[in-house]
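Chain residues, written in single-letter form:
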Amino acid sequence: MAWDFETDPEFQEKLDWVDRFVREECEPLDLAFPHLQFHPLTPERRAIIDPLKEEVRRQGMWATHLGPELGGQGFGQLKLALLNEILGRSLWASIVFGCQAPDTGNAEIIAHYGTEEQKERYLMPLLNGECFSTYSMTEPHAGADPTLFKCRAYKDGDQWVIDGWKYYSSNAKTSSFLIVMAVTDPEVSAYQGMSMFLVPSDTPGIEIVRNVGLYGEALNEGSHALIHYNEVRVPADALLGGEGQAFAIAQTRLGGGRIHHAMRTIAVAQKALDMMCERALSRTVSGGLLADKQFVQGYIADSYAQLIQFRLFVLYTAWEIDRYNDYKKVRKDIATAKVVMPTVLHDIAWRAMQVHGALGVSNEMPFMGMVHSAAVMGLADGPTEVHKVTIARQVLRNYKATDGMWPTEWIPGKVDAAKAKFAEILELEVGNL
Ligand SMILES: Cc1cc2nc3c(=O)[nH]c(=O)nc-3n(C[C@H](O)[C@H](O)[C@H](O)COP(=O)(O)OP(=O)(O)OC[C@H]3O[C@@H](n4cnc5c(N)ncnc54)[C@H](O)[C@@H]3O)c2cc1C
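Residues numbered from 1 in each chain as written. Predicted model: local features only at pLDDT ≥ 70, side-chain atom pairs only at ≥ 80, totals over all residues.

Student: In this structure, what is going on with the overall build of the chain? I would like to understand it.
Tutor: If you tally the helices and strands in the chain, you get 15 helices and 10 strands. For the chain, the spread of C-alpha atoms along the principal axes amounts to about 95 × 70 × 45 Å. The burial tally for the chain puts 38% of its 433 residues in the buried class. Within the chain, residue pairs in contact and separated by at least 24 positions form 71% of the contacts whose partners lie at least 6 positions apart. (Helix = DSSP H or I, 4+ residues; strand = E, 2+ residues; numbered from the N terminus. Buried ≥ 20, exposed ≤ 12 C-beta atoms within 10 Å, placed from the backbone. Contact = placed C-beta atoms within 7 Å.)

Here is the structure:
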């Protein structure tokens, strides 16, 4: 009977080290170098970051998202979940540990679908933390429904020419290459008619028109690019995987990306709960501690209940991915984690903010950022509504329509069936009366 909620003591030691390291070394980076995680390192920053990466490597915790056959540590998703629920405390931590989104997902698809040359050229520098990458799929007029994409790639001699627009291509301004999804055969269904391309960022014709920022960032100083691919020419071997394979590749990538976001979100929600509890025990109102007020106790209890359910579900889903080694088989649960994530983070961060009063909504506390992150989690890698559709479809696969007029659980019908089952005994009992 294998059903175990314990972490190997050996791995727990590693996690304890990670916990200390993230608090002492990575969280200060968020404050000293905000919004610079995806910028090339200046000599000053390199002098700080490189030794930290070196220490992570020495501890055997570098790039743990890929298996050994793909150049990583081979931890699998469950261990990665236990790691990410610590790393998520700090934006710099995943850079220092070589497992930052969107590069993890990009590395994963190059590892799965790339040729040896492509792996050498793109995957190795990515795994070594020497560069950043961009996943360029969403378009200005369409995101949730990829069948509406228009960006084209057509053959011209032994080259592909990419022509069209992409939107919200994160980190394009600092990445070394982009993975671009484009329509290669408009005559067939979008599911067979799109392909992925590996495109170096300095290829002529790539025009970053605007860098869209998230709320609070200065206009045009964000990280999410609106890109015009203006007749961008790439060689035939820029194709990632086969022609027409983009949908299959996207599913591989987005499955991992979504669950990794969920793992990191546990850390942020836990941080909010920790802050809520500290404040509740520190602040006195109306003759007593906040911690003694039932409303606040309700906030704490509800937050703990949401967080523990979410955490166990994410760990379970990670375990399932390891078990089946196939994101498609775990689609329903990955979608469920994705759907639950924004609500859990929003609710806990919101309550923690409320308990902090005016300080909570100020720019001296991180709660508004957390609430904003919750909104982002409901959109990035697909909106909540679309994932709910996936869940419902997958759940419905286990059911079929009733044959008759009434539902299977219709009580009069079940009573008749029960009577028929016990007819002999019932008749005997009647006879004995
Ligand atoms: C911070 C951030 C980073 C991102 N990074 C990247 C990136 O690196 N690369 C990239 O390619 N994209 C990226 N995206 C884009 C993201 O994938 C899209 O925002 C997402 O797929 C939704 O597309 P859309 O914004 O065009 O919304 P739309 O497709 O216009 O949908 C708008 C709304 O309509 C509703 N809706 C949509 N479809 C349905 C449906 N079937 N049923 C019911 N309601 C529906 C939902 O409420 C949805 O939010 C990023 C987004 C964010 C916020």
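Student: Help me out: how do you make sense of the site of the ligand in this one?
Tutor: Around the ligand, the surrounding shell holds 22 residues, and the nearest of these are M137, G143, A144, S170 and P383. Those elements giving two or more residues to the shell around the ligand turn out to be β1 (133–136), β3 (159–170) and α13 (384–396). A breakdown of the residues in the shell around the ligand according to their chemical character gives 12 nonpolar, seven polar and three charged. In terms of domain composition, the shell around the ligand takes at least three residues from each of domain 2 (133–240) and domain 3 (248–396). (Near = placed C-beta within 6 Å. Nonpolar A, V, L, I, M, F, W, Y, C, P; charged D, E, K, R; others polar. Domains from an automatic or database assignment.)

Student: Explanation requested: the domain arrangement of the chain in the structure shown.
Tutor: One frequent convention defines the size of an interface as the accessible area lost when the parts assemble. Each assigned domain of the chain is listed here: domain 1 (9–114), domain 2 (133–240) and domain 3 (248–396). The straight-line distance from the C-alpha centre of domain 2 to that of domain 3 is 31 Å. The residue makeup of the side of domain 2 that touches domain 3, split by class, is seven nonpolar, no polar and no charged.

Student: Before we go on, may I ask you to explain the packing of helix α5 (residues 103–113) against helix α6 (residues 116–127) in this structure?
Tutor: Working note: a packed helix pair is described by the angle between its axes plus the distance between those axes. Between α5 and α6, the shortest axis-to-axis distance is 10 Å and the interhelical angle comes to 150 degrees. Classified by the angle their axes make, α5 and α6 are roughly antiparallel. In the crossing of α5 with α6, the sense of the turn from one axis to the other is left-handed. Contacts between α5 and α6 involve D103, N106, A107, I110 and A111 from the former and Q118, K119, Y122, L123, L126 and L127 from the latter. Counted by class, the contact of α5 with α6 contains seven nonpolar, two polar and two charged residues. (Axes fitted to C-alpha atoms, helices over the stretch in contact; angles between N-to-C directions. Parallel < 35°, antiparallel > 145°, perpendicular 65-115°, else oblique. Left-handed = near helix turned anticlockwise from the far one by under 90°.)

Student: Help me understand the nonpolar core in this model?
Tutor: Soluble globular proteins tend to bury their nonpolar side chains together. With 103 residues, the main nonpolar core has F197 and A272 as its most contacted residues. In terms of residue count, the dominant contributor to this core is helix α8 (residues 246–282) (13 residues). Every residue in contact with A272, bar those within four places of it in the chain, is listed here: I348, A349, A352, F367 and M370. (Core = buried A, V, L, I, M, F, W, Y, C linked by C-beta atoms within 7 Å.)

Student: Help me understand the pairing of strand β5 (residues 194–200), please; the structure alone is not making it clear to me.
Tutor: Among the seven residues that make up β5, six are buried, leaving the element largely enclosed by the rest of the structure. Bridge analysis of strand β4 (residues 177–183) against β5 gives seven bridges, and the strand direction is antiparallel. In the sheet register, L178 faces β5, and the bridge partner there is V199. The pairing of β5 with strand β8 (residues 239–240) spans two bridges and is antiparallel. The partner of M196 across the bridge, within β8, is L240. (Pairing = 2+ DSSP bridges.)

Student: I tried to follow α5 on my own but got confused; where do I start?
Tutor: Among the 11 residues that make up α5, 10 are buried, leaving the element largely enclosed by the rest of the structure. Within the span of α5, buried status applies to D103, T104, G105, N106, A107, E108, I109, I110, A111 and Y113. In the core, the buried residues of α5 are packed alongside α6, β1, β4, β8 and α8.

Student: How should I be thinking about helix α12 (residues 367–377) in this particular structure?
Tutor: Every α-helix winds through 3.6 residues per turn, so residues three or four apart in the chain are directed the same way. Within α12 the residues assigned to the buried category are F367, M370, V371, S373, A374 and M377. Summarising the axial view, the buried residues of α12 lie within an arc of 155 degrees, below the 170-degree limit, and thus occupy one face. Buried residues belonging to α12 abut α8, α10 (331–355) and α11 (357–361). (Arc of directions from axis to C-beta.)

Student: Before we go on, may I ask you to explain the environment of N171 in this structure?
Tutor: Its location among the elements puts N171 in the loop between β3 and β4. Exposure remark for N171: the 22 C-beta atoms within 10 Å place this residue in the buried category. In this structure the C-alpha to C-alpha distance between N171 and A225, which are 54 residues apart in sequence, comes to 7.2 Å. Not counting residues up to four positions away in its chain, the partners in contact with N171 are F38, F132, T134 and S223.

Student: Help me out: how do you make sense of the environment of A374 in this one?
Tutor: Note that A374 resides in helix α12. Remark: the alpha-carbon pair of A374 and G404, spanning 30 residues in sequence, is separated by 45 Å.

Student: Would you take a moment to explain the packing of helix α3 (residues 76–87) against α8 for this structure?
Tutor: At a closest axis distance of 6 Å, the pairing of α3 and α8 adopts a crossing angle of 45 degrees. Between α3 and α8, the interaxial angle falls into the category oblique. α3 and α8 meet at a crossing whose hand is right-handed. From α3, Q77, L80, A81, N84, E85, I86 and L87 reach across to α8, where they touch I259, H260, M263, R264, I266 and A267. Taken together, the residues that form the contact of α3 with α8 break down as eight nonpolar, three polar and two charged.

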